[in-house]
Amino acid sequence: MTDHGGGTNTEPELSDSLKTYGAVLKALREESGLTQEEFALRVRYSAAYVAKIEQGKRFPPADLPARAEEVLGPVALKVLGAAARSLSRRAGLASWFRQWAGIEEEAISLYAYECRAVPGLLQPEDYARAVFERQLPPFTEEQIDSKVAARLERQALLAERPNTAFTFIVEQAVLERRVGGTPVTRTVIDHLLNVGRRTNVEIQIMPLHQEDHCGTDGQLYLAETPGHQWFGYTEGHRSSTLIADPGEVSVLHQRYGKLRSQALDCRATVNLLEQMRGAL
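## A word on the environment of D265
At step 1: Relative to the helices and strands, D265 is located in the loop between α12 (246-262) and α13 (266-279).
At step 2: When the C-alpha positions of D265 and Y49 are compared, they lie 33 Å apart, and in sequence the two are 216 residues distant.
At step 3: Within the structure, D265 has its side chain in polar contact with the backbone nitrogen of R267 (distance 3.2 Å).
At step 4: Reaching out from D265, the side chain makes a polar contact with the backbone nitrogen of A268 at a distance of 2.7 Å.

## Regarding the nonpolar core
At step 1: W100, Y127 and F168 are the most contacted members of the largest nonpolar core, which has 37 residues in total.
At step 2: Per-element accounting of this core gives the leading share, six residues, to helix α11 (residues 182-195).
At step 3: Ignoring sequence-local partners within four residues, the contact set of Y127 consists of A117, V118, V174, V179, V184 and V188.
At step 4: Of all hydrophobic cores here, the second largest spans 18 residues; its members include L28, V50, L72 and L80.

## A short note on the pairing of strand β3 (residues 201-206)
At step 1: Counting buried residues in β3 gives five out of six residues, a clear majority hidden from the surface.
At step 2: Here strand β2 (residues 165-171) pairs with β3 via six bridges, running parallel. Bridged to V170 within β3 is I205.

## Some thoughts on the environment of D126
At step 1: Mapped onto the elements, D126 comes out in helix α7 (residues 125-133).
At step 2: Remark: the alpha-carbon pair of D126 and F39, spanning 87 residues in sequence, is separated by 38 Å.
At step 3: The contacts of D126, once residues within four sequence positions are left out, are V184 and T187.

Rules used throughout
Residues numbered from 1 in each chain as written. Predicted model: local features only at pLDDT ≥ 70, side-chain atom pairs only at ≥ 80, totals over all residues. Heavy atoms only, no water. Helix = DSSP H or I, 4+ residues; strand = E, 2+ residues; numbered from the N terminus. Polar contact = N/O pair within 3.5 Å; in protein donor to acceptor, adjacent residues only side chain to side chain. Core = buried A, V, L, I, M, F, W, Y, C linked by side-chain atoms within 4.5 Å. Buried < 20%, exposed > 50% of the residue type's maximum accessible area, 1.4 Å probe, protein only. Contact = heavy atoms within 4.5 Å. Pairing = 2+ DSSP bridges.

Structure (structure tokens):
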């Protein structure tokens, strides 16, 4: 459902309830004579995020009605609150994805551990295409083109949010698998080395041999919101889970901290990636 690793839906189908919520928000905003940029500034969200909510492409954050009240008045709180309750009764996998995607877009810290594929935010085009070409049931060429474009578009977060700390832990086995063939793997390694030079990005490789490995339960994502609330996210075959309970998020934090200590540090990661690149 996600844009992380091998997920199948980078942009889920729009639901009627999300489209209705977005249309209501847009009508309230326009009635107040505000542009998306002006409204976004006042409710303390990015204009791009507000645009996607109005288009029904993102699950609105829980505190949006209260923030909107400060700008649009008490009617907005009542109307958007009622619309939000309707959404919560119909929340499915696509809704969970949209909610996580919105959290990810606004995050001030984002942690990712991947043992299945290179994280979506780090995938060069050739690798992303290879991932989608191997999905079952198979996609059409048009669907593949659309999903690759959506995945690459999301990677703009790395440049658009220079104050967000992005930390990635990737299993060495993911690269050793050589999805798409040797030329694609060379491109992936070059891309990781390039992106890893960004001041807001840290990439660590988990070596093949690590007896104390604590990531056997699978991939995990963690994000910190501007309000300093943490959320976790995990996924499996055609399923995904947003984790908001503080106790459960704490467990993921403990595991991620241990994984960071077990993975190669950034300098050792660069050395390993260069060795792997030279051996191809």
